[in-house]
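Coordinate analysis (summary)
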Amino acid sequence: NHHLEGGFIESRLAIEDTNIDFFIENSKPTAIPEMNHKIKSGGIGLVNVKRRLNIIYPAKHELEINDKPSSYAVNLNLNL
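First, a word on what this report is: a plain description of the structure on this page.

Attention now moves to the pairing of strand S4 (residues 71-79). Sheet topology note: the strand S2 (residues 19-27)/S4 ladder contains nine bridges and is antiparallel. Note on S4: the bridge partner recorded for Asn19 is Asn79. Strand direction decides the pairing type here: strand S3 (residues 61-67) and S4, joined by seven bridges, are antiparallel. The partner of Leu63 across the bridge, within S4, is Leu76.

Encoded structure:
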């Protein structure tokens, strides 16, 4: 329920023959929003994603994660 003025989400998907390229980037708040509840977030999500990609697409994927001060971007390339 926290609104970010000037926030953005950008996504791109390109499919060509047996190659899929997916990019997504979102803005980050300049200050951490106040939490009114004590639900823990985060955890092993990225570890699981990387593990599954290695199992399902061994040597056929590239995952690039770019954690910048003002945005968070992920680029995933799959060679099917």
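Let's pick the thread back up.
Taken together, four strands build an open sheet; the order of strands is S1-S2-S4-S3 and the sheet is antiparallel. The sheet is open, and its two edges are formed by strand S1 (9-16) and S3, each paired on a single side. Strand-to-strand, the axes of this sheet are offset by a mean angle of 5°, without reference to chain direction. Those strands touched by helix H1 (residues 45-56) are S3 and S4, and its axis lies near 160° from that of S3.

Locating Asn19 in the fold gives a position in strand S2. By relative accessible area, which is 27% here, Asn19 ends up partly exposed. Sequence separation of Asn19 and Leu80 is 61 residues, and the distance between their C-alpha atoms is 6.0 Å. What Asn19 contacts, discounting residues up to four positions off in sequence, is Ala14, Asn77, Leu78 and Asn79.

Another point: the environment of Glu64. Here Glu64 lies in strand S3. Residues Glu64 and Asn75, spaced 11 residues apart in sequence, show a C-alpha to C-alpha distance of 5.1 Å. Ignoring sequence-local partners within four residues, the contact set of Glu64 consists of Ala73, Val74 and Asn75.

Summed over all chains, the structure comprises three salt bridges. A salt bridge links Lys68 to Glu25; the nearest nitrogen and oxygen atoms lie 3.5 Å apart. With a gap of 43 residues between them, Lys68 in the loop between S3 and S4 and Glu25 in strand S2 connect regions that are remote in the sequence. By relative accessible area, which is 33% here, Lys68 ends up partly exposed. Look at Glu25 and you get buried, because its relative accessible area is 10%. In this structure, the salt-bridge partner of Asp67 is Lys28, at a minimum N-O distance of 2.4 Å. On the criterion of sequence distance, the pair formed by Asp67 in strand S3 and Lys28 in the loop between S2 and H1 is long-range, its members being 39 residues apart.

Basis of the calculations
All chains use their own residue numbering, which begins from 1 and follows the written sequence. At least 70 in pLDDT is required for a residue's local features to be given in this predicted model, at least 80 for side-chain atom pairs to be given and counted, and no such filter applies to totals for whole chains, interfaces and linings, which use all residues. For side-chain calculations, the full set of non-hydrogen atoms in the structure is used, while hydrogens and water are omitted. Only strands joined by at least two bridges in the DSSP assignment are considered to pair. A run of H or I in DSSP counts as a helix once it spans at least four residues, and a run of E counts as a strand once it spans at least two, with each numbered from the N terminus. Lines fitted to C-alpha atoms define the axes, with helix axes restricted to the stretch in contact, and inter-axis angles between N-to-C directions lie between 0 and 180 degrees. Any two residues whose heavy atoms approach within 4.5 Å are treated as being in contact. Relative accessibility thresholds used throughout: buried, under 20% of the residue-type maximum; exposed, over 50%; partly exposed, between the two (1.4 Å probe, protein chains only). Salt bridge, as used here, is a side-chain nitrogen of Lys or Arg placed within 4 Å of a carboxyl oxygen of Asp or Glu.

Just geometry here; none of it tells us what the structure is for.
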